Every structure is written in C-alpha cells, then in structure tokens.
Amino acid sequence: MSRKALFAAAALACIALPSFAQEQVLNLYSARHYPTDEALYGGFTKATGIKINRVDADDAGIMARLKAEGAASPADVILLVDAARLYKGEVEGLFKPVKSKVLEDAIPAQYRGKASAEGTPWFGFSTRARVVVYDKNKVQREDVDTYEELADARNKGKVCIRSGSHPYNLSLFGAITEHLGEAKAQEWINGLKANLARDPKGGDTDQIRAVAAGECQIAVGNSYYVARLMRSSKPEDRAVMEKVAVVFPNQQSWGTHLNIAGGAVAKNSKNTAAAVKFLEYLASPEAQNHFANGNNEWPTAKGVKVSNPALEAMSGGGDFKAETIPLAAVGANQVKVQQMLDRAGFK
C-alpha cells in the first residue's frame, strides 16, 4: 500500500472511532411497562450518549427468554418488578454479579441480592407498599390494620384480591411466611381464602374498583395503583377514591410489606461497563425522583426525599413503618407459598 493510501486509511480510522463511541447501545430487557419511564431512559442517554434498545415483556417472559437464548443472549441489563422474580433470576444464575461502590453506598442491604466474592447479583431501585383498601362506610379501620386480620372470621365474605399465584401476592405471602412461620402462614392462607367475596380475578385496580362498587368491602393492592387513582383527573376515578380509605398494615408490629422493582446485569452481557453505568444511574437522585413522581413508587436510595402529594397523603405525611426483612428471603419462600396455595385451593 502506498504512503498516501496508508495516510487516508489512518484518517478514516480517526474519524470512525468517535462515531462508534457515540452509537454505543445498551440492550435492556424490561418488565417495567410504564410510559413515564421513557423520560428515565432518555435521561440516561442524554447523560452518557449510550442509546437504549428495549425489549418489553413480563417477568416470567423475560426469564424464559434469557434461558432460551443462553450464551447467545444480547441482553445487557434486566429490569424486573418483583422480589420473587429477582431472587429466582439470582439462584438460576441469570445475572452477572457486579461490584460498584456507587450502588453499595446508595442502596441499603435489604434491597439487594446476596453478595458474594464476585459481587452483588441485583439491586432494588424502587418500592411499592402492599396496602389494604376498604369501604370506609362499612368497615372499621381497626378491623383491617394488620395482614393477619384479613383472615379473621369477622371479615368473612368481604375480601377481594388478585390471584394468589401472582408475583405480587407470592411476595406478600412469602413475607408473611417469614414472619409467622410455615404452619401459621398456611392457616392464614386458609382463612384468607375463606373470607373471599369472589374468586380472585383481575389486577389491583380492579380490586379497588370492586370495593367502591360494593362487590366486596376489603381489597389488597400495591400503593402505586392507589396513587394513580388519587392523581387521576377522571371523575370516575375520583368517585372511587371518595368511597374508600387506605391503611398501611402492621404499623404496630413488623411493618407494611414492600415489594421491589430492581435491576441486574445479564449473565452474558457483552457490554458490562455500560450496564453497570446504567444501574448506577438508576440510583442517582434524578432517576430516584423519577420513580417517585413518574410512577408513584418510593425510592430506595439513601437520602432521596419524595415530593409526591398522593404518596404523602396516602401514608399520612410520607412516613410509615416498613418491614425490614431482606427481600431475598421473601423470594426464597415462593416455592413454599405456592405449595400452601395449592393445599388451600387458592387460585
């Protein structure tokens, strides 16, 4: 090759390198289906220049896809919305443990996977409380201010709840198993089933609407569904919230159950450095405030203050006692819980 050709090739290489860096792409498998998260991803791209290629599915679909793809998976980051699923991904080896002082300093230990010499497999970035919604004209607050009371005979025929096998309930029931022990938790599940006003169906918002419609008098739901109705401008949503009240259970004992949305680096990520950078971004004040204001979730990072009127009003000023058991322990109970549900005939 001539000296002139070599010089031209070198010049082209110098031009191409910056362009390649600007077009870096992070492949994200996400179970978060919230339109407001678009601003979250846009903020990361603006801050880093790294574009996000997102694949949406539910938690179970993402787990199945990762297993099917194996080492050929293009996934770099996994976002899931349930502690039981995060734990399952951890024990099935679908995540790559990472070491990050930024994440370790920001995220409390109870909101992380179990650390090893290789690092931590997953981190939780937002929480949602599993609250009780009740008909304020027919039910006394003191009759529903603990999870245990949902199985009390006084509430027979009053309770609406989604499927017991839904991840949100598997995690709640897993927490109750951790607190009560397996034998008493089985009794509690039996009692809860006996108190159902109807067979489990629909999502959390459907349960809240059923209370307002008089189909039942007590429901269990995640706090961000309640907050959405509270912040809604639709007359029908406001009418629902005028008929119901919300209680954060077990304030005098172990505290209200929190479920978690979290993230991990995919085991076969080809872009680990960028993946860790994305997780660190999710722990930043900017992203944490987005979780609070965009999707009505509580941030997990230390020192982040929430400014969300619905969350503050729902919890009586923003302060409530949350349970502190490690969410990894909650996830570990999911197989036991499913067996208890099967024994009770709980759909």
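Note: the structure precedes this text.
Before going into details, it helps to say that this report is about the structure given with it. Here the structure is a predicted model, which is why all the values come from computation and not from measurement. Each chain has its residues counted from 1, running along the sequence as written. Residue-level local features of this predicted model are given only where pLDDT is at least 70; pairs of side-chain atoms are given and counted only at 80 or more, and the full residue set underlies all totals for whole chains, interfaces and linings. In computing side-chain properties, one takes all heavy atoms of the structure into account and sets aside hydrogens as well as water.

In this section: the overall build of the protein. Per the secondary structure count, the protein includes 15 helices and 9 strands. Relative to a compact globule of 347 residues, whose C-alpha radius of gyration would be 20 Å, the protein shows 23 Å and is just as compact. Once the C-alpha set of the protein is aligned to its principal axes, its extents read approximately 90 × 40 × 30 Å. Between buried and exposed lies partly exposed: a residue is buried under 20% and exposed over 50% of the maximum accessible area for its type, with that area taken using a 1.4 Å probe on protein chains only. A total of 347 residues make up the protein; the buried ones form 51% of that total. Two residues form a contact once any of their heavy atoms are found within 4.5 Å. Long-range pairs, those at least 24 residues apart, make up 77% of the contacts in the protein between residues at least 6 apart in sequence. Note on areas: these come from Shrake-Rupley sampling with a 1.4 Å probe, and a residue is covered only by the protein chains present in the view. Looking at the protein as shown, the accessible area adds up to about 15300 Å², and 54% of this sits on carbon and sulfur atoms. Neither His nor the chain ends contribute to the count of charged residues, in which Lys and Arg are positive and Asp and Glu negative. By convention, the charge on Lys lies at NZ, on Arg at CZ, on Asp at CG and on Glu at CD. Here the protein contributes 43 positively and 38 negatively charged side chains, and the mean placements of these two sets differ by 4 Å. Secondary structure elements are taken from DSSP: a helix is a run of H or I of four residues or more, a strand is a run of E of two residues or more, and numbering for both begins at the N terminus. Only the C-alpha atoms count toward the radius of gyration. The rule for a globule is 2.2 Å times the residue count to the power 0.38.

What follows deals with the packing of helix H8 (residues 204-213) against helix H10 (residues 235-243). In this description, a line fitted to the C-alpha atoms serves as the axis of each element, helices being fitted only across the stretch in contact, and the angle between N-to-C directions of two axes falls anywhere from 0 to 180 degrees. For the pair H8 and H10, the least separation of the axes is 9 Å and the interaxial angle reads 70 degrees. Taken together, H8 and H10 sit at an angle that is classed as roughly perpendicular. The element H8 and its partner H10 pack so that their crossing is left-handed. Across the interface between the two elements, Ile208, Arg209 and Ala212 from H8 touch Asp237, Val240 and Lys243 from H10. Looking at the contact of H8 with H10, its residues break down into 3 nonpolar, no polar and 3 charged. We call two directions roughly parallel when the angle between them is under 35 degrees, roughly antiparallel when it is over 145, roughly perpendicular when it lies between 65 and 115, and oblique otherwise. Crossings are classed by handedness, with left-handed meaning an anticlockwise turn of the near helix from the far one by less than a right angle and right-handed meaning a clockwise turn. Basically, the charged four are Asp, Glu, Lys and Arg, the nonpolar ten are Ala, Val, Leu, Ile, Met, Phe, Trp, Tyr, Cys and Pro, and anything else, Gly included, counts as polar.

Turning next to the pattern of salt bridges. When a carboxyl oxygen of Asp or Glu lies within 4 Å of a side-chain nitrogen of Lys or Arg, that pair is called a salt bridge. Evaluated as defined, the whole model comprises 17 salt bridges. Salt-bridge contacts for Lys67 lead to Glu92; the nearest nitrogen and oxygen are separated by 2.7 Å. Of this pair, Lys67 sits in helix H3 (residues 59-69) while Glu92 sits in the loop between helix H4 (83-91) and helix H5 (101-106); the two residues are 25 residues apart in sequence, bridging distant segments of the chain. The exposure class of Glu92 is partly exposed, given its relative accessible area of 32%.

Secondary-structure assignment places Ser126 in strand S4 (residues 123-135). Judged by its relative accessible area of 0%, Ser126 falls in the buried class. Reaching out from Ser126, the side chain makes a polar contact with the side chain of Glu297 at a distance of 2.8 Å. Contact partners of Ser126, with chain neighbours within four places excluded, come to Arg32, Asn259, Ile260, Ala261, Phe291, Glu297, Trp298 and Thr300. We define a polar contact as two N or O atoms separated by no more than 3.5 Å, with the added condition that, inside protein, one atom must be a possible hydrogen donor and the other a possible acceptor, whereas residues neighbouring each other in sequence contribute only through side-chain atom pairs.

Taking burial as the measure, the 5 residues of strand S6 (residues 218-222) include 5 buried ones, the bulk of the element. Here a strand pair is declared whenever DSSP counts at least two bridges between the two strands. Taken together, the 5 bridges between S4 and S6 define a ladder with antiparallel strand orientation. Across the sheet, Arg130 pairs through a bridge with Asn222, a residue of S6. As judged from the 2 bridges shared by strand S5 (residues 159-160) and S6, these two strands associate in the parallel manner. When the bridges of S6 are listed, Val159 appears paired with Ile218.

By nonpolar core is meant a set of buried Ala, Val, Leu, Ile, Met, Phe, Trp, Tyr and Cys residues that side-chain atoms within 4.5 Å join together. Core analysis: the largest hydrophobic core is formed by 77 residues, its most contacted members being Ile78, Phe125, Phe278 and Leu282. Among the elements that make up this core, the one with the highest residue count is helix H11 (residues 272-282) (7 residues). Ile78 has contacts with Tyr29, Ile62, Leu66, Phe95, Gly262, Gly263, Ala264 and Ala266, leaving out every residue within four places of it along the chain.

Moving on: the packing of helix H2 (residues 37-48) against H11. It is the contact of H2 with H11, at a shortest axis distance of 11 Å, that shows an interaxial angle of 120 degrees. It follows from the interaxial angle that H2 and H11 lie oblique. Crossing geometry of H2 relative to H11 is assigned as right-handed. Contacts between H2 and H11 involve Leu40, Tyr41, Gly43, Phe44 and Thr48 on the former and, on the latter, Ala274, Lys277, Phe278, Tyr281 and Leu282. Tallied by class, residues from the contact of H2 with H11 come to 7 nonpolar, 2 polar and 1 charged.

Attention now moves to unusual backbone geometry. The backbone phi angle of Asn250 is positive, close to 60 degrees, even though this residue is not glycine. Here Asn250 lies in the loop between strand S7 (244-247) and strand S8 (258-265). The backbone of Asn296 shows a phi angle near 60 degrees, a positive value even though the residue is not glycine. Along the chain, Asn296 turns up in the loop between helix H12 (285-295) and strand S9 (298-299). Taking relative accessible area as the criterion, Asn296 reaches 4% and is therefore assigned buried.

Attention now moves to the pairing of strand S3 (residues 77-80). What you see with S3 is no split at all: Val77 and Leu79 on one side and Ile78 and Leu80 on the other are buried throughout. Pairing analysis gives 3 bridges linking strand S1 (residues 25-30) to S3, with the strands arranged parallel. Counterpart to Ser30 in the pairing with S3 is Leu79. In the sheet, S3 pairs with S8 via 4 bridges, with the strands oriented antiparallel. Note on S8: the bridge partner recorded for Val77 is Val265.

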